[in-house]
Amino acid sequence: LQGIFVLGLPYALLHSGYSGLLLIVLAAALCCYTGKILIACLYEENEDGQLIRVRDTYEDIANACCKKLSPSLGGVVVNVTQVVELIMTCILYLVASGNLLSHSFPYVPVTEKTWSVIAFVTLLPCIFIRTLKIVSKLSQLCSLVHFVIIFVVITYCLTQMHQWSWAKFRLSLEFEDFLVSIGVIIFSYTSQIFLPTLEGNMKNPGEFRCMLNWTHFFACILKTTFALTAFLTWGEKTKEVITDNLPSFLGTLVNLCLLTKALLSYPLPFFAATEIVYSCISKDNHSNYRSPLLALTVRGSFLLLTLLMAMFTPHFALLMGLSGSVTGAAMTFLLPSLFHLKLKWKKLSFLEKYADISVFILGFLCSLAGIVCSIKGLLEVFG
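Anyway, here's the lowdown on the structure attached to this text. (Residues numbered from 1 in each chain as written. Predicted model: local features only at pLDDT ≥ 70, side-chain atom pairs only at ≥ 80, totals over all residues. Heavy atoms only, no water.)

This next bit is on the packing of helix α6 (residues 112–122) against helix α14 (residues 292–312). Two numbers describe how α6 lies on α14: the axes approach to 10 Å, and their chain directions differ by 165 degrees. When the interaxial angle is binned, α6 and α14 end up roughly antiparallel. The handedness of the crossing between α6 and α14 comes out as right-handed. Residues K113, S116, V117 and F120 of α6 touch α14, and the partners they reach there are L303, L304, L307 and M311. Grouping the amino acids of the contact of α6 with α14 by side-chain chemistry returns six nonpolar, one polar and one charged. (Axes fitted to C-alpha atoms, helices over the stretch in contact; angles between N-to-C directions. Helix = DSSP H or I, 4+ residues; strand = E, 2+ residues; numbered from the N terminus. Parallel < 35°, antiparallel > 145°, perpendicular 65-115°, else oblique. Left-handed = near helix turned anticlockwise from the far one by under 90°. Contact = heavy atoms within 4.5 Å. Nonpolar A, V, L, I, M, F, W, Y, C, P; charged D, E, K, R; others polar.)

All right, on to helix α11 (residues 248–265) then. In a regular helix each residue adds 1.5 Å, so 18 residues correspond to 26 Å; α11 covers 25 Å between its end C-alpha atoms and thus fits that length. Those residues of α11 that sit buried are L250, G251, V254, N255, C257, L258, L259, K261, A262, L264 and S265. (Expected span 1.5 Å × (residues − 1). Buried < 20%, exposed > 50% of the residue type's maximum accessible area, 1.4 Å probe, protein only.)

Residue position: L132 is located in helix α7 (residues 132–158). Along the primary structure L132 and F271 are separated by 139 residues, whereas in three dimensions their C-alpha atoms are 8.0 Å apart. Excluding residues that lie within four positions of it along the chain, L132 makes contacts with T197, N201 and F271.

Residues I357, I361, F364, L365, L368 and V372 make up a contiguous nonpolar surface patch of roughly 540 Å² in combined accessible area. By the secondary structure assignment, I361 is in helix α16 (residues 350–381). Residue I361 is classed as partly exposed on the basis of its relative accessible area of 45%. (Patch = residues over 30% accessible without salt bridge, like charges linked within 9 Å, V, L, I, M, F, W, Y side chains within 5 Å. Areas by Shrake-Rupley, 256 points an atom, 1.4 Å probe, with all protein chains shown as cover. Salt bridge = Lys/Arg side-chain N within 4 Å of Asp/Glu carboxyl O.)

Here the focus is a positive patch on the surface. A surface patch of positive charge is lined by K67, K68, K342 and K346. Structurally, K346 is set in the loop between α15 (316–344) and α16. Using a relative accessible area of 84% as the deciding quantity, one classes K346 as exposed. (Lys, Arg positive; Asp, Glu negative; His and termini not counted. Charge placed at Lys NZ, Arg CZ, Asp CG, Glu CD.)

This part takes up the environment of I91. Looking at the element boundaries, I91 is found in helix α5 (residues 73–104). In this structure the C-alpha to C-alpha distance between I91 and T306, which are 215 residues apart in sequence, comes to 5.1 Å.

Another aspect to go through is the pattern of salt bridges. What the rule picks out here adds up to five salt bridges. Residues E45 and K347 are paired through a salt bridge, measuring 4.0 Å at the closest nitrogen-oxygen approach. You can see E45 sitting in strand β1 (residues 43–45) and its partner K347 sitting in the loop between α15 and α16, a full 302 residues away along the chain. On the accessibility criterion, K347 (53% relative accessible area) is exposed. Across the pair R53 and D56 runs a salt bridge whose closest N-O atoms are separated by 3.0 Å. Take D56: its relative accessible area is 47%, and that puts it in the partly exposed class. Each of E44, R55 and K344 takes part in salt bridges that share partners, so that together they form one network.

In short, the description is geometric, and any link to function would need to be established separately.
Here it is, written out as structure tokens:
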């Protein structure tokens, strides 16, 4: 998902100007912070003052916060939100794959939807993925392809340094365009859904905070460099997906790399979504949870669902924006800050409480603005 959003960062700078550079840094700091407080909610102090991991998942945190209302209400809300966001992400990868194949081979008489079906066939082995190890290896390959894409674009931009000009940055901004830029920048950093599982699988969980600091720091440097060099190269001609600005021979190469990245990225949200469903099923029937037939059925159903929605959902981009404004902001800003305040209120300092409340308000405003813009777009489309 990171690569898809990163390619839109130069376009975000086009509409946000100098403030966009500040937003890239601010978004990295905020997402790093909410990642830390989310993981802090997994731990409680014992009688000796030592931190003990008493919760394992986002769902456990939600249930702990809502136990007075209902033992499982919070977990249900979080699980539904997570599954919706993960499934929509999988669908986005399928739609992107069809689009990339269509642009890479424009002379082949095949529709974009047919290309999506062809991409779907290559993803059928996902139904046999049972462990995070396989997913992690695919993610490593995905990261390698991602750096190849960034390297190609930045290298080309550096060859055009003679035409760079800081005058290309806007000083005046249009409010709606600025909101779009905020969404692109913030959601290029989101990863909170995966953090509890990631931290739980680390050999040394004590290094999690350090890992989070360094990954967000380097992500911020990389994204700022990429967005800045690309925008300075094309200025007002910057397109929504920056690879569309590249010469045709480079554009085809990068599109094929993006296709590879999209296909390699699909297993992570797919695996995470099916694991959430498995955990829910296991609470009711432990024997069925271990059934290979049930596992294949659930994974196969999820695969088919993503294909059908990619094929038949009209105006998917707008619906994705609406879903992302609700689920993305909730999982990244609203819930982590709310849960942290609820579980740690008595132990938080004034500044920590102020920070959590500020993040919650900011997340709410971003979500509300995204919802309004998406609904407005849908109303315009449907007449």
